[in-house]
Amino acid sequence: MRGMTTDESLFPALLGPAWAGLAAPVRRAHGGRSSIALRGEADVVGSDSRTARLLRQLLGVPAPGPAQPLIVEIARDDDGERWTRRFARGRMRSRLSAGPDRLLHERLGPVLLRFRLEADGGAIHWHLLGARLLGLPLPRRWLGHVLACSGAEGDRYAFTVEASLPGIGRWIGYRGTLEVDDGE
């Protein structure tokens, strides 16, 4: 996906013709502008176990807490997107790009996640297919259950992310809505 033009940004390129069926807030958030900010709030939940807390800290995932103010900044370049999520109780950064396998790759700290994107009902469903830790593939059974969806509630961008691991349970979950900043 190197050399993407504004009209060929990451998500439209990976979703192809299905892109046109997405809800307007989803297209505005994941469209071709070089940078965008989304503002709103999220409820963050997760296990209070020592392992879950350590995992959240390692990956820069926010600590649990209700109605946390949230700003998501997305900066696009020829190689993909840099996302910075500023929660009231933590900052989470990741790098998204198209892999040679035509999957969405998200680098989160030492972990690389591979997702197949599917458009359905105006929303994007992110299906986790695999992960690598420090470049080494992780067995699928170690990845547990991941639910990720970005859609719309009225004219707002809406998202849900839930991840649970064997032996830990739900170590992180967050959901909320965001206003898409229409300014450049």
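What counts as what
- Starting afresh in each chain, residues are numbered from 1 along the sequence in its written order.
- The predicted origin of the model limits local features to residues at a pLDDT of at least 70 and limits the giving and counting of side-chain atom pairs to 80 or more, whereas totals for whole chains, interfaces and linings rest on all residues.
- To get the side-chain values, all heavy atoms of the structure are used, and hydrogens and water are removed first.
- What counts as a helix is a DSSP run of H or I of at least four residues, what counts as a strand is a run of E of at least two, and both are numbered from the N terminus.
- Categorising residues by exposure relies on relative accessible area from a 1.4 Å probe, with only protein chains included: less than 20% of the type maximum marks a residue as buried, more than 50% marks it as exposed, and the intermediate range marks it as partly exposed.
- By definition in these notes, contact holds between two residues if any of their heavy atoms fall within 4.5 Å.
- For our purposes a nonpolar core is just a set of buried Ala, Val, Leu, Ile, Met, Phe, Trp, Tyr and Cys residues, chained together by side-chain atoms within 4.5 Å.
- Note on ring pairs: Phe, Tyr and Trp rings are taken, using the six-membered ring of Trp, and paired if centres are within 6.5 Å. Classes follow the plane angle, with under 30 degrees stacked, over 60 edge-to-face and the rest tilted.
- Two N or O atoms count as a polar contact when they lie within 3.5 Å, although within protein this holds only if one can serve as hydrogen donor and the other as acceptor, and sequence-adjacent residues are included solely when both atoms are side-chain atoms.

**What about the environment of leucine 138?**
- Examined against the element boundaries, leucine 138 turns out to sit in the loop between strand E8 (136-137) and strand E9 (145-153).
- Looking at leucine 138, the relative accessible area reads 23%, which means it is partly exposed.
- Leucine 138 has contacts with Ala131, Arg132, Leu133 and Leu143, leaving out every residue within four places of it along the chain.

**A short note on the nonpolar core**
- Within the largest apolar cluster, 45 residues are counted, with the highest numbers of intra-cluster contacts made by Phe11, Leu38, Leu104, Trp126 and Trp171.
- Among the elements that line this core, the one with the most residues is strand E11 (residues 169-180), at five residues.
- Other than its neighbours up to four places away in sequence, tryptophan 171 contacts Val45, Gly46, Ser47, Ala52, Leu55, Arg56, Leu59, Val61, Ala163, Ser164 and Leu165.

**Considerations on the packing of aromatic side chains**
- In total, this model carries six aromatic pairs according to the counting rule given.
- Between phenylalanine 11 and tryptophan 83, the ring centres sit 6.5 Å apart and the planes meet at 35°, which makes this aromatic pair tilted. Taken together, the residues phenylalanine 11 in helix H1 (residues 10-15) and tryptophan 83 in strand E3 (residues 80-87) connect sequence positions 72 residues apart.
- Members of the aromatic cluster, joined through ring pairs, are Phe11, Trp83, Phe115 and Trp126.

**Overview of the side chain of serine 94**
- With respect to the element layout, serine 94 can be found in strand E4 (residues 90-98).
- We classify serine 94 as buried; its relative accessible area is 4%.
- Of note is the side chain of serine 94, whose polar atom sits 3.0 Å from the side chain of arginine 85.
- Serine 94 has contacts with Glu81, Arg82, Trp83, Arg85, Glu106, Arg107 and Leu108, leaving out every residue within four places of it along the chain.

**Digging into the environment of leucine 134**
- Tracing the sequence through the fold places leucine 134 in the loop between strand E7 (123-133) and E8.
- C-alpha separation for the pair leucine 134 and glycine 144, spaced 10 residues apart in sequence, amounts to 19 Å.

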